[in-house]
Amino acid sequence: VLVVDVFFGISGFLITRKLHDEYQSCGWINLRAFYWRRFFRILPAAWTYLGAMLVCALAGVITLPPNALKSCLFFWRNYNENLGWYTGQFWSLMIEEHFYLLWPAALALLAPRRARVAAVLSALVIGAWRNWDAAMRLMASVFPSSISEHRTDSRLDSLLWACVVGLSFPLLSKTLRRVRFGRFAPVVFGVLLLLSGALKSEGVGTAAQSIARPILIPLMIASTVAFPGGLVGRFLDLLPMRFVGKISYSLY
């Protein structure tokens, strides 16, 4: 799950930075162009995979439960269980797709300053809702507990905090560069992220971790971008890492 949270953090940060730069240079965001790019970036690979699964199912090689493919095609796979292992990884893509439908339009409508406030408030509400739901089992009668961490309404803050950091990146980057040891910020945030993992226990520890992790991950990502010549930046710039980064979505 941590790896997926990192994926969410990278996605939210990069998408927000691109949309913010477009807004700053043009005064508006071309949503049609954005969705066109997302269509060709994500859906061809997803449809190719689903097509391969359909062929395998028709050939009797694998067994696909009813609605397994349909739930992926119409973006509600992450609200279902018992739809088989072969489409299980699509839960994170469903959250991404829901994010793409909501955030760019919100940013275009509200403009960066108000969108940042809206993202902070929304992320806080989702974090509080996730912990309240887990403690009181409010949705247990509607959704199985096994998909509680896969629902958009309980995981979208991982992307929203990355959006907040993306909108705040110029100020964050300038602040880190003024700090004497600012270039070590990615390592510091990484250590704090690992320490937050040690809090994973029942009760307060779990709640603290679930709130800290979505914030620390985009801070670690942004500080790495702020210091591309740092240790983490140089490692990620190695040819094998760059190659994996280019094919990471299709590989997943």
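Residues numbered from 1 in each chain as written. Predicted model: local features only at pLDDT ≥ 70, side-chain atom pairs only at ≥ 80, totals over all residues. Heavy atoms only, no water.

Structural notes on the pattern of salt bridges
- Under the defined criterion, the tally for this structure stands at 7 salt bridges.
- Across the salt bridge formed by Arg 17 and Asp 21, the nearest N and O atoms sit 3.2 Å from each other. Remark: Asp 21 and Arg 17 occur in helix H1 (residues 2–26); sequence separation between them is 4 residues, near one turn of the helix.
- If you follow the salt bridges from partner to partner, you end up with Asp 5, Arg 155 and Arg 213 in one network. (Salt bridge = Lys/Arg side-chain N within 4 Å of Asp/Glu carboxyl O. Helix = DSSP H or I, 4+ residues; strand = E, 2+ residues; numbered from the N terminus.)

Points about the packing of helix H6 (residues 157–167) against helix H7 (residues 169–178)
- For the pair H6 and H7, interaxial distance at closest approach is 5 Å and the crossing angle is 65 degrees. Taken together, the axis directions place H6 and H7 in an arrangement best described as roughly perpendicular. Across the interface between the two elements, Val 165, Gly 166 and Leu 167 from H6 touch Phe 169, Pro 170 and Leu 172 from H7.
- Its residues assigned to classes, the contact of H6 with H7 comprises 5 nonpolar, 1 polar and no charged. (Axes fitted to C-alpha atoms, helices over the stretch in contact; angles between N-to-C directions. Parallel < 35°, antiparallel > 145°, perpendicular 65-115°, else oblique. Contact = heavy atoms within 4.5 Å. Nonpolar A, V, L, I, M, F, W, Y, C, P; charged D, E, K, R; others polar.)

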